[in-house]
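Spelled out, the chains give:
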Amino acid sequence: MAKSETTKYRLAESIKQCMKTTSVDDITIRQIVENCGLTRQTFYRNFLDKYDLINWYFDKLLLKSFEHMGSGETIFEGLKRKFDYIQEERVFFAAAFRSDAQNSLKEHDFELILEFYSDLIRIKTGHAPDSEIRFLLEMYCQSSIYMTVKWVLSGMKSSSEELARMLVKAMPARLEKLFTELDVLS
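Residues numbered from 1 in each chain as written. Predicted model: local features only at pLDDT ≥ 70, side-chain atom pairs only at ≥ 80, totals over all residues. Heavy atoms only, no water.

It is worth spelling out the packing of helix α5 (residues 75-88) against helix α7 (residues 105-125) at this point. Packing of α5 against α7 leaves a shortest axis separation of 14 Å and a crossing angle of 155 degrees. With respect to each other, α5 and α7 are oriented roughly antiparallel. The two elements α5 and α7 cross, and the hand of that crossing is right-handed. For the pair α5 and α7, the contacting residues are I75, L79 and K82 in the first and D109, I113, Y117 and L120 in the second. Considered class by class, the residues forming the contact of α5 with α7 number five nonpolar, no polar and two charged. (Axes fitted to C-alpha atoms, helices over the stretch in contact; angles between N-to-C directions. Helix = DSSP H or I, 4+ residues; strand = E, 2+ residues; numbered from the N terminus. Parallel < 35°, antiparallel > 145°, perpendicular 65-115°, else oblique. Left-handed = near helix turned anticlockwise from the far one by under 90°. Contact = heavy atoms within 4.5 Å. Nonpolar A, V, L, I, M, F, W, Y, C, P; charged D, E, K, R; others polar.)

Moving on: the pattern of salt bridges. Tallied over the full model, the rule gives 10 salt bridges. Ionic pairing is found between E89 and K16, a salt bridge with its closest N-O pair at 3.0 Å. With E89 in the loop between α5 and α6 (90-97) and K16 in helix α1 (residues 3-19), this residue pair connects regions lying 73 residues apart in the sequence. The class for E89 is buried, based on a relative accessible area of 17%. Ionic pairing is found between R174 and D130, a salt bridge with its closest N-O pair at 3.9 Å. Linking R174 in helix α10 (residues 173-185) with D130 in the loop between α7 and α8 (131-153), this pair joins segments that are 44 residues apart in sequence. Accessibility expressed as a relative area gives 37% for R174, which makes it partly exposed. Residue D130 is classed as partly exposed on the basis of its relative accessible area of 40%. Shared partners join several salt bridges into a network, and the residues in it are E13, K16 and E89. (Salt bridge = Lys/Arg side-chain N within 4 Å of Asp/Glu carboxyl O. Buried < 20%, exposed > 50% of the residue type's maximum accessible area, 1.4 Å probe, protein only.)

The tally for this structure, following the rule as stated, stands at two cavities of 30 Å³ or more. Here the second largest cavity is characterised by a volume of approximately 30 Å³. In terms of lining residues, the second largest cavity is bounded by V24, Y51, I54, N55, A96, S99, N103, S104 and L105. For the lining of the second largest cavity, the element with the most residues is helix α4 (residues 50-70), which contributes three residues. Here the lining of the second largest cavity is built from residues that sort into five nonpolar, four polar and no charged. (1 Å grid on protein atoms, 1.4 Å probe; cavity = no way out; pocket = protein on both sides within 12 Å on 5 of 7 lines; lining within 4 Å. Points joined across faces, edges and corners; volume = space filled by probe spheres on them.)

Right, let's talk about the packing of aromatic side chains for a bit. Evaluation of the coordinates by the stated rule reveals 11 aromatic pairs. A ring pair is formed by F47 and W56, whose centres lie 5.8 Å apart and whose planes are at 65 degrees; its orientation type is edge-to-face. Residue classification places F47 among the buried positions, given a relative accessible area of 3%. Ring plane angle 80 degrees and centroid distance 4.9 Å describe the contact between Y57 and F92, whose orientation is recorded as edge-to-face. Of the two residues, Y57 sits in helix α4 while F92 sits in helix α6, which places them 35 residues apart along the sequence. The pair formed by Y57 and F92 is uniform in burial state, with each residue classed as buried. One aromatic cluster in this structure is built from Y9, F43, Y44, F47 and W56. Positioned above the aromatic ring of F47 is the side chain of K8, whose terminal nitrogen or guanidinium carbon lies 5.8 Å from the ring centre. (Phe/Tyr/Trp six-rings, centres within 6.5 Å; stacked < 30°, edge-to-face > 60°. Lys NZ or Arg CZ within 6 Å of the ring centre and 35° of its normal.)

What follows deals with unusual backbone geometry. One non-glycine residue with positive phi stands out, namely M156, at about 55 degrees. Tracing the sequence through the fold places M156 in the loop between α8 and α9 (160-169). You can call M156 buried: its relative accessible area is 9%.

So yeah, pure geometry; function would need other evidence.
Okay, here's the thing in structure tokens:
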């Protein structure tokens, strides 16, 4: 692992430790760097702010689930894998999802999943989603994020498999049909 990656993971571990006792909005850069023995300058060489750090760590944890969905796995399998990662890092996600600040994890997750689904459609069909599909994708992704946050903040009472199954069932019919056709094309 490159030195910059190691540094980023040290900072991520530090913010995870801070999240155990302090809300994300109240965590300071000073706390993060003092906790892991790095300097503010090192922090800012790697991240714009604490939300950039949180979003970077989120990307590292969840991009693998999206990669798998793009390589022949179904939407259900990819979502289940995503929720499994979230369960493994429940303290991190519970703290991160409580923040509504600009550049928050909720907004980042929305942008990431919307881009993933749009790219999947573009790759499989050869063209970008039309305006109706784009509207349905945005609505579905916002709802999906809302339900994911609710699941995390309410203590993850249902399994990752159950949440994934419910989100697939809630998919608008046109999207479901499109993704079913895309799964067959893979």
